[in-house]
Amino acid sequence: MAKFPHHSPEKHSGTDTMLREYGLPWLDYELLDAGDGKKLERWREIITIRPDLQAYFATGWPYAQWRKMAHWEFEEQSPTQGSWKKIKAHSPEQWIIEYGKLNFCLKLTKFKHVGLFPEQQANWRFIQEQVRAGQKILNLFAYTGAASLVARACGGEVVHVDSVKQMLTWAKNNMECSKLSDIKWVLEDALKFAQRELKRGNKYDGIIMDPPAWGLGTKGEKWILENHLPGLIEAAHELMNPKAFLILNTYSPKVELADLARSAERIFSVNQMQIKQLWMPTKTGNELFCGNLLRTIK
């Protein structure tokens, strides 16, 4: 049984049992400001305004200043979709940003996303600390592959699983733009793939899971995270080699830290896990909540 190493940066959020961990800005990305239900972000030279329900506080800068800075603003037309309004002429709809030696290809989508969750920089740091050459890494619900690329750049043998074909294509493009190779791509429901891996007797040295709060599988099956959370953690545990790590992010408003703790404590001991809130600091001093985070070492 491995004890969990101390990992920083982190802050106590008022009690000894609840820790905050921060995704930090880097050269090509920073969260400039947030508030009034929106956030202002810089992606290299492109600045966007996007909605965010967690930005329920006042902005640090006047909104008029935001509009002077921004190239694009996402306008919601429904709870799940919308469109981008161009604020500055000749602003590109696709561009590339760097993270160390990695390249991420970004583009505007009708779901307000651009292809990267920058708060995950907190987990990229952790992956860089943990992964060694030749280790087997499984990335489930792997989206456009940022964590897969970080693990592969460390020498990990990465299996990348997502149920959306367009996401696999996007992730492959990121791999090629980063001059990496030999990631295994799997188009399949993440939980079903994990269960098949169990039957095949395969094990991993690291498992990364970033499941959506809700969605559809490859055959239109409805996915609701709170219904599958215990099964996901149990499957991950069974797939882990001794001393393997698990990263699990949750964004669902129906999955609280206590829910995450209850599900994890059924399988892992307290000294094997960390349960935290994930936050991003802004340039103006505001802080934005970005979800809950479970990390374990078997």
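Everything that follows concerns the structure shown earlier in this document.
Summary of the structure given here. (Residues numbered from 1 in each chain as written. Predicted model: local features only at pLDDT ≥ 70, side-chain atom pairs only at ≥ 80, totals over all residues. Heavy atoms only, no water.)

**Focus: the overall build of the chain**
Secondary structure summary: the chain contains seven helices and 18 strands in total. On C-alpha atoms alone, the chain measures out to a radius of gyration of 19 Å, which is about the 19 Å that the 2.2 N^0.38 rule sets for 298 residues. Looking at the chain as a whole, 54% of its 298 residues are labelled buried. Of the contacts formed within the chain by residues at least 6 apart in sequence, a portion of 61% connects residues at least 24 apart. If you sum the accessible surface of the chain, you get close to 14100 Å²; carbon and sulfur atoms cover 53% of it. Averaging the locations of the 40 positively and 34 negatively charged side chains of the chain gives two centres separated by 3 Å. (Helix = DSSP H or I, 4+ residues; strand = E, 2+ residues; numbered from the N terminus. Rg over C-alpha atoms; globule rule 2.2 N^0.38 Å. Buried < 20%, exposed > 50% of the residue type's maximum accessible area, 1.4 Å probe, protein only. Contact = heavy atoms within 4.5 Å. Areas by Shrake-Rupley, 256 points an atom, 1.4 Å probe, with all protein chains shown as cover. Lys, Arg positive; Asp, Glu negative; His and termini not counted. Charge placed at Lys NZ, Arg CZ, Asp CG, Glu CD.)

**Structural notes on the sheet that holds strand β6 (residues 72-76)**
With mixed pairing, the five strands of this open sheet are ordered in space as β3-β4-β5-β6-β7. Each edge of the open sheet is held by one strand with a lone partner, namely β3 (29-35) and β7 (82-86). Each strand of the sheet is rotated relative to its neighbour by a mean of 20°, with strand direction disregarded. Relative to strand β4 (residues 38-43), β3 is paired through six bridges, and the arrangement is antiparallel. (Pairing = 2+ DSSP bridges. Axes fitted to C-alpha atoms, helices over the stretch in contact; angles between N-to-C directions.)

**A few points about the packing of aromatic side chains**
Within this structure, the stated rule accounts for 13 aromatic pairs. With a centroid separation of 5.6 Å and 65° between ring planes, the pair formed by Trp-279 and Phe-289 is classed as edge-to-face. In this pair, Trp-279 is assigned in strand β17 (residues 273-281) and Phe-289 in strand β18 (residues 287-297), connecting sequence segments ten residues apart. Among the aromatic residues, those joined into a cluster by ring pairs are Trp-26, Tyr-29, Trp-43, Tyr-99, Phe-104 and Trp-124. Stacked on the ring of Phe-126, the Lys or Arg Arg-295 has its end atom at 4.6 Å from the ring centre. (Phe/Tyr/Trp six-rings, centres within 6.5 Å; stacked < 30°, edge-to-face > 60°. Lys NZ or Arg CZ within 6 Å of the ring centre and 35° of its normal.)

**Remarks on the packing of helix α2 (residues 121-130) against helix α3 (residues 146-153)**
Where α2 contacts α3, the axes come no closer than 9 Å and their chain directions differ by 25°. Here α2 lies roughly parallel to α3, going by the angle between them. Handedness of the α2/α3 crossing: right-handed. Across the interface between the two elements, Trp-124, Ile-127 and Gln-128 from α2 touch Ala-146, Ala-147, Val-150 and Ala-151 from α3. For the contact of α2 with α3, the per-class residue count stands at six nonpolar, one polar and no charged. (Parallel < 35°, antiparallel > 145°, perpendicular 65-115°, else oblique. Left-handed = near helix turned anticlockwise from the far one by under 90°. Nonpolar A, V, L, I, M, F, W, Y, C, P; charged D, E, K, R; others polar.)

**A look at the side chain of Asn-103**
Relative to the helices and strands, Asn-103 is located in strand β9 (residues 102-107). There is a polar contact of 2.8 Å between the side chain of Asn-103 and the backbone oxygen of Cys-177. Contacts of Asn-103, omitting those with residues within four sequence positions, involve Ile-96, Ile-97, Glu-98, Leu-149, Asn-174, Cys-177 and Ser-178. (Polar contact = N/O pair within 3.5 Å; in protein donor to acceptor, adjacent residues only side chain to side chain.)

**Observations regarding the pattern of salt bridges**
Should the charged atoms of two oppositely charged side chains come close, the side chains can pair. In total, this model carries 15 salt bridges according to the counting rule given. For the salt bridge of Arg-67 with Glu-73, the shortest nitrogen-to-oxygen distance reads 2.7 Å. Taking relative accessible area as the criterion, Arg-67 reaches 29% and is therefore assigned partly exposed. As a salt-bridge pair, Glu-188 and Arg-196 come within 1.7 Å of each other at their nearest N and O atoms. (Salt bridge = Lys/Arg side-chain N within 4 Å of Asp/Glu carboxyl O.)

**Some points on the packing of helix α6 (residues 225-239) against helix α7 (residues 257-265)**
Axis separation between α6 and α7 bottoms out at 9 Å; the angle between their running directions is 40°. Here α6 is positioned oblique relative to α7, judged by the angle of their axes. Two packed elements cross with a definite hand, and for α6 against α7 that hand is right-handed. Facing Leu-229, Pro-230 and Ile-233 of α6, the residues of α7 in contact are Asp-259, Leu-260, Ser-263 and Ala-264. In terms of residue class, the contact of α6 with α7 is built from five nonpolar, one polar and one charged.

**Some points on unusual backbone geometry**
It is generally the case that most residues other than glycine have a negative phi and that most peptide bonds are trans. Here Asp-36, not a glycine, exhibits a phi torsion of approximately 55°, which is positive. As for its position among the elements, Asp-36 is in the loop between β3 and β4.

**Here we look at the pairing of β17**
When a strand is regular, its side chains alternate between the sheet's two faces. Across the nine residues of β17, eight count as buried, placing the element largely inside the fold. Sheet topology places strand β2 (residues 19-22) next to β17; four bridges connect them, and they run parallel. The residue bridging Arg-20 from the neighbouring strand is Gln-277, located in β17. Examined bridge by bridge, β17 and β18 share nine bridges and lie antiparallel to one another. Opposite Trp-279, over in β18, you have Phe-289 as the bridge partner.

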